[in-house]
Number of protein chains: 2
Amino acid sequence: MTPAVWASTRVRRTPFTPRVEAAGVVAYTVYNHTLLPVMFRSLEEDYWHLKEHVQLWDVSCQRQVEIRGVDAARLVQLLTPRDLSTAEAGRCLYAPLVDSRGGIVNDPVISKLADDRFWLSIADADVGLWVSGLAHGLGVKVEIAEPPVSPLAVQGPKAEELMARVFGGAVRDIRFFRFAWLEFAAHPVMVARTGWSKQGGFEIYLDRPDLGVPLWDALWEAGQDLEVRAGCPNLIERIEGGFLSYGGDFTLEHNPFECRFERFCHLDRPFDFIGRAALEEIAERGPARRVMGLEIAATSLPGCVEPWPVTVKGGQVGEATSVAVSPARRCGVAIAMLDRVHAEPGHGVVVSSPDGELAAVVSDLPFPPTSP
Amino acid sequence: MTPAVWASTRVRRTPFTPRVEAAGVVAYTVYNHTLLPVMFRSLEEDYWHLKEHVQLWDVSCQRQVEIRGVDAARLVQLLTPRDLSTAEAGRCLYAPLVDSRGGIVNDPVISKLADDRFWLSIADADVGLWVSGLAHGLGVKVEIAEPPVSPLAVQGPKAEELMARVFGGAVRDIRFFRFAWLEFAAHPVMVARTGWSKQGGFEIYLDRPDLGVPLWDALWEAGQDLEVRAGCPNLIERIEGGFLSYGGDFTLEHNPFECRFERFCHLDRPFDFIGRAALEEIAERGPARRVMGLEIAATSLPGCVEPWPVTVKGGQVGEATSVAVSPARRCGVAIAMLDRVHAEPGHGVVVSSPDGELAAVVSDLPFPPTSP
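What counts, and at which threshold
Residues numbered from 1 in each chain as written. Chains lettered and ligands numbered in written order. Predicted model: local features only at pLDDT ≥ 70, side-chain atom pairs only at ≥ 80, totals over all residues. Heavy atoms only, no water. Helix = DSSP H or I, 4+ residues; strand = E, 2+ residues; numbered from the N terminus. Buried < 20%, exposed > 50% of the residue type's maximum accessible area, 1.4 Å probe, protein only. Contact = heavy atoms within 4.5 Å. Areas by Shrake-Rupley, 256 points an atom, 1.4 Å probe, with all protein chains shown as cover. Axes fitted to C-alpha atoms, helices over the stretch in contact; angles between N-to-C directions. Parallel < 35°, antiparallel > 145°, perpendicular 65-115°, else oblique. Left-handed = near helix turned anticlockwise from the far one by under 90°. Nonpolar A, V, L, I, M, F, W, Y, C, P; charged D, E, K, R; others polar. Pairing = 2+ DSSP bridges. Phe/Tyr/Trp six-rings, centres within 6.5 Å; stacked < 30°, edge-to-face > 60°. Buried area = accessible area lost by both parts, 1.4 Å probe. Salt bridge = Lys/Arg side-chain N within 4 Å of Asp/Glu carboxyl O. Polar contact = N/O pair within 3.5 Å; in protein donor to acceptor, adjacent residues only side chain to side chain. Least-squares fit on C-alpha atoms with pLDDT ≥ 70 in both. Disulfide = S-S within 2.5 Å.

A. Inspection of the overall build of chain A at higher detail. Secondary structure assignment for chain A yields 8 helices and 22 strands. Counting only C-alpha atoms, chain A reaches 65 × 50 × 40 Å along its principal axes. The buried share among the 372 residues of chain A stands at 62%. Sequence-distant contacts, at least 24 apart, represent 66% of the contacts inside chain A between residues at least 6 apart. Counting only carbon and sulfur atoms, one obtains 51% of the accessible surface of chain A, whose full area is about 14,200 Å².

B. Here's a closer look at the packing of helix α5 (residues 159-167) of chain B against helix α6 (residues 212-222) of chain B. Residue and element names in this part refer to chain B. Two elements in contact, α5 and α6, have axes separated by 9 Å at closest approach and are oriented at 120°. The angle between α5 and α6 places the two elements in the oblique class. Crossing of α5 against α6: the hand is right-handed. Of α6, the residues touching α5 (which contributes L162, M163, R165, V166 and F167) are L215, A218, L219 and A222. Counted by class, the contact of α5 with α6 contains 8 nonpolar, no polar and 1 charged residues.

C. Spatial organisation of the sheet that holds strand β13 (residues 179-184) of chain B. Residue and element names in this part refer to chain B. Overall, mixed pairing links the 6 strands, which are arranged β13-β14-β15-β12-β4-β16 in an open sheet. The open sheet has two edge strands with one neighbour each: β13 and β16 (229-231). Strand-to-strand, the axes of this sheet are offset by a mean angle of 30°, without reference to chain direction. Running over the sheet, α5 touches β4 (55-58), β12 (150-155), β13, β14 (187-192) and β15 (201-206) and is turned about 40° from β15.

D. Broad picture of the packing of aromatic side chains. Residue and element names in this part refer to chain A. Within the structure shown, the criterion is met by 30 aromatic pairs over all chains. Judged by centre distance (6.4 Å) and plane angle (35°), the ring pair of F16 and W216 falls under tilted. Of this pair, F16 sits in the loop between β1 (4-5) and α1 (17-22) while W216 sits in helix α6 (residues 212-222), and the two are 200 residues apart along the sequence. Exposure remark for F16: the relative accessible area of 0% places this residue in the buried category. For the ring pair F250 and F261, a centre distance of 5.8 Å and an interplane angle of 80° mean the geometry is edge-to-face. Pair noted here: F250 is in the loop between α7 (235-240) and α8 (276-285) and F261 is in the loop between α7 and α8, with a separation of 11 residues, a long-range link. According to the relative accessible area criterion, F250 is buried, its value standing at 0%. On the basis of relative accessibility, which here comes to 5%, the residue F261 falls in the buried class. Feature note: the residues Y94, Y246, F250, F261 and F264 constitute an aromatic cluster, connected by ring pairs.

E. Representation of the pairing of strand β18 (residues 308-312) of chain B in the model. All names here are of chain B. Taken together, the 5 bridges between β18 and strand β19 (residues 315-326) define a ladder with antiparallel strand orientation. Residue P309 lies in a different strand from β19, and its bridge partner there is E319. From the end of β18 to the start of β19, which pair antiparallel, there are 2 residues, and K313 there has a positive phi angle of about 50°. In terms of strand pairing, β18 meets strand β21 (residues 348-353) through 2 bridges, oriented antiparallel. Looking at β21, one finds that T311 is bridged to V350.

F. How the structure looks around the interface of chain A and chain B. On the side of chain B, 48 residues touch chain A, which itself brings 48 residues to the contact. Together, W6, T9 and R10 of chain A form the three largest contributors to the area buried by chain A at its contact with chain B, with a combined 20%. One salt bridge connects R10 of chain B with D124 of chain A, and the closest N-O pair in it is separated by 2.9 Å. Run the count over chain A and chain B and you get 19 residue pairs in polar contact (both at pLDDT 80 or more). Among the secondary structure elements, those contributing two or more residues to the side of chain A that touches chain B are β1, β2 (27-31), β3 (34-39) and α4 (127-138) of chain A.

G. Structural detail: the relation of the copies chain A and chain B. Of the two same-sequence chains, chain A is brought onto chain B (RMSD 0.0 Å, axial shift 0.0 Å) by a rotation of 180°. Expressed as a symmetry operation, the mapping of one chain copy onto the other fits a two-fold axis.

H. View of the pattern of salt bridges. All told, the structure shown has 59 salt bridges over all chains when counted by the stated rule. Through salt bridges with shared partners, a single network forms among E160, E161, R165, R172, R193 and D225 of chain A.

I. Just the environment of V349 of chain B, in detail. Residues and elements named next belong to chain B. Within the secondary structure, V349 sits in strand β21. On the basis of relative accessible area, V349 is assigned to the buried category, the value being 5%. In contact with V349, other than residues within four places in its own chain, are L294, V310, T311, V312, L358, A359, A360 and V362.

J. Region of interest: unusual backbone geometry. Residues and elements named next belong to chain A. The residue after L365, namely P366, is reached through a cis peptide bond having omega -10°. Considering the arrangement of structural elements, one finds P366 in the segment after β22 (356-363). For A185, which is not a glycine, the phi torsion comes out positive at approximately 50°. Tracing the sequence through the fold places A185 in the loop between β13 (179-184) and β14 (187-192). Judged by its relative accessible area of 53%, A185 falls in the exposed class.

K. Quick look at the sheet that holds strand β5 (residues 64-68) of chain A. All names here are of chain A. Strand order in the open sheet made by the 5 strands is β6-β9-β10-β5-β11, with antiparallel pairing throughout. This sheet does not close on itself; its edge strands, each paired only once, are β6 (92-94) and β11 (143-145). Pairs of neighbouring strands in the sheet enclose a mean axial angle of 20°, with direction left out of account. Across 5 bridges, the pairing between β5 and strand β10 (residues 117-121) is antiparallel. What sits directly across from I67, in β10, is F118. Along the sheet, helix α3 (residues 72-79) makes contact with β5, β9 (109-114) and β10, crossing β5 at roughly 130°. Relative to β11, α4 is tilted by about 165°, and along the sheet it contacts β5, β10 and β11.

L. Structural context of the side chain of Q62 of chain A. If you trace the backbone, Q62 of chain A turns up in the loop between β4 (55-58) and β5. Residue contacts for Q62 of chain A: discarding those within four places in its chain leaves S121, I122, P151 and E203 of chain A.

M. Region of the structure containing the state of the cysteines. All names here are of chain A. Scanning the model with the defined rule gives 0 disulfides over all chains in all. As a non-bridged cysteine, C92 has C61 as the owner of its nearest cysteine sulfur, 17 Å distant. Looking at C92, the relative accessible area reads 2%, which means it is buried. Of all cysteine sulfurs, the one in C259 lies closest to C265, which takes part in no disulfide; the gap is 9.7 Å.

As structure tokens, then:
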């Protein structure tokens, strides 16, 4: 029997939980002290539907750490090797946060609301404590808060059509990783063209919990002929899309180069950030490991609840941390951290699953598209 | 149907999980990114057993934040209003951590391993990020880490007898909130007379994951005639015992006086800690709210998954955040944060549960013992 998830005030429900439960969620995880649905029908059914239609995702667990004040821009820049100096308000920037050793503290999307006001849409860790500790220690003038913002993602190829029906044609003008303030129920909400899938879509940063059910219902009703369904980040699709999960695929023990975040590390530009010296040293000698995909010769696999060792000729060369079976590829797909010498597409490796040893081939991330 | 908990590498299993699952855990929560069992048979059965016999609790989710180095003692003292200056190595100290506004960041048990080495056994929040941010900002010389320590609690009136059988008579000499290093399988482990129940017992801070199953099995076998069982922090017992749950009963929005932690706030002693000015101001004017118990006129209640409003004459005066039915009292018991004027034992209030309005009486915390 699979143990149930236990509800309590410590593990927060969301403004959308009543609709998520009515839609028949079968499993939750807990993410940032908040319930996150992970499956509705089956991973496979949810996967195909996401790639063909449109889904509503309760990603309220993507909490916002708000940083504002006269020193906000300086502090936010200190947090990340990504150069934020040229970003105007209205941008969303995926940005690894690193500590003084170059270890990754989190990988939020940073939304620049104004020159002195930012939201960090965080992965699963209490980034607010990191930022508050730094702010106190450095004596900078900022206010740090977690506003009652609950993101609802609308993802899938029909997402733009559905959003346009509820928010008007202006959504079509929002560019990738940009946001605009649009009205719902006469209340302005932030709408961004972002989301944790490769199928396109938006995230609605709802800051009025009382509007959660009305917003869900409006999208639901407007999307009936688009076959709208309740969904959630899909394990198979996100592995194929190369979306790394903080805390699972990478942690404070990994640096941005191991995670292939080079394009977010602007070491050549002369701004100050925490961990610069460490990252420069790692960039100089090259990372010891690299995150890669794996195609595993298997058509069914157990869940990966602890890292699976990856070996070559009996010697461990890494570990797989997220694993699923792709119905599109008809094989297993995985995200794995591998020693650099083996982190090359086409290399043959062996994955030690609880069901035994399985042959696998290293793949790029995201996985190359399948031929139709 | 109750949704299942979804396993992944992000939500950590523990060295004891195989035995917890073999013992028939029926529900988990997630605590510090780690599985925490919450029920085995039923809340009531688990409750009576805990009060009569001995249980093994997988509380690996109580992660240790290790702080060591030349500035460790100074930094740890900065974190808390509790005066640590007279504590010798071998002490465990329950201590609220506060931020500059006096809000509670966490309420760990601080174990002093040496003059320059501490473990913070944390409640559900990433305290390591808070401490690391402070250390970086202040420029103090410490190393901060999360060692692979997985506490196993042995709780209940027969705990001392069981522990003595496995660790020898030396456990009997360990005083309340003290620890000693004792051997298991020729490996020294930290054993403390602590735990999240009022039934007495110990916590074993196991730092060798490979010894998790052997340790569990040794206690299990030695405890057969003591009716040892798998258990976990019990909702009913911990409400009656007045154990507050961080993130559920109190958060960063509460200060130590609201949580009745005065005895851990040594404002009259002249040491430096973060939040001193804020706490002095709150102490001066008195806290606006106080945490109290409630006895609710009900013999069955739904789970409290969102705070339940507490009212007097129709006006809200607080909220209940943890609720259960006590088989010993034959009524509902709750932990509630109440406006100060109503935070007096004997006051009558009304609790708005999802099942309707219920009469309740304010109680002290811990609840006074029931007559036998």
